[in-house]
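Structural overview for review
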Amino acid sequence: WHFHWFLLVSIILLNVVGLAMQLVLMSQSLVPLVLYVYCRTRPNQMFSFMFDIQIRALHFPWVLMLLHLMLGSSIIHDVIGCLVGHVYFYSTHLKGGPWYHPPATFCKLMDWIYHEAGQVFDRIQGHSHDD
């Protein structure tokens, strides 16, 4: 349930930043945030980018941001995503902060949702569920 917890904390952090900056739609920042955290956890992994250019994962979010800038797009959501991703990464992976492990209540809730969704799917498929 770590990934679900990561997404929930990230979305909350993005919304707090969005409210502070008076931005309405923060979903555009979620992809750069997830990409930033992924690339920070695997800094030496190589990516093939545009015409087989090899780029280290550590540099990939910044190269993508540069590409958006060159194409004339606004990079504000990329910057916000990387900054919030850095806060998350620094506070969890480097400092071992309180956000790293999901609380037991969250895990129980996710187990319940997963179990209930499985029962609904079984009913839709016509399988009997004897639990």
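First things first, this report covers the structure right here in the doc. (Residues numbered from 1 in each chain as written. Predicted model: local features only at pLDDT ≥ 70, side-chain atom pairs only at ≥ 80, totals over all residues. Heavy atoms only, no water.)

A look at the state of the cysteines
What the rule picks out here adds up to zero disulfides. Cysteine C39 shares no disulfide, and the gap to the nearest cysteine sulfur, in C82, comes to 8.9 Å. We classify C39 as buried; its relative accessible area is 1%. (Disulfide = S-S within 2.5 Å. Buried < 20%, exposed > 50% of the residue type's maximum accessible area, 1.4 Å probe, protein only.)

As for the packing of helix α3 (residues 60-70) against helix α4 (residues 76-94)
Relative orientation of the contacting elements α3 and α4 amounts to 165°, with a least axis distance of 10 Å. As summarised for this structure, α3 and α4 are arranged roughly antiparallel, according to the angle between their axes. In this structure, the crossing between α3 and α4 has a hand that is left-handed. Residues P61, W62, M65 and H68 of α3 touch α4, and the partners they reach there are D78, V79 and C82. Across the contact of α3 with α4, the residue classes break down as five nonpolar, one polar and one charged. (Axes fitted to C-alpha atoms, helices over the stretch in contact; angles between N-to-C directions. Helix = DSSP H or I, 4+ residues; strand = E, 2+ residues; numbered from the N terminus. Parallel < 35°, antiparallel > 145°, perpendicular 65-115°, else oblique. Left-handed = near helix turned anticlockwise from the far one by under 90°. Contact = heavy atoms within 4.5 Å. Nonpolar A, V, L, I, M, F, W, Y, C, P; charged D, E, K, R; others polar.)

Some details on helix α1 (residues 2-20)
The terminal C-alpha atoms of α1, which comprises 19 residues, lie 27 Å apart, in line with the 27 Å expected from a rise of 1.5 Å per residue. Along α1, the residues that are buried comprise W5, F6, V9, S10, L13, L14 and G18. Q22 sits one or two positions beyond α1 and adopts a positive phi of about 60°. (Expected span 1.5 Å × (residues − 1).)

Focus: the layout of surface pockets
Considering only enclosed or pocket space, the largest pocket measures out at about 200 Å³ in volume. Residue lining of the largest pocket: ten residues in total, with F3, F6, V37, Y88 and H93 positioned closest to the centre. Sorting the residues of the lining of the largest pocket by element identifies α1, α2 (30-41) and α4 as the ones contributing at least two each. The residue makeup of the lining of the largest pocket, split by class, is six nonpolar, three polar and one charged. (1 Å grid on protein atoms, 1.4 Å probe; cavity = no way out; pocket = protein on both sides within 12 Å on 5 of 7 lines; lining within 4 Å. Points joined across faces, edges and corners; volume = space filled by probe spheres on them.)

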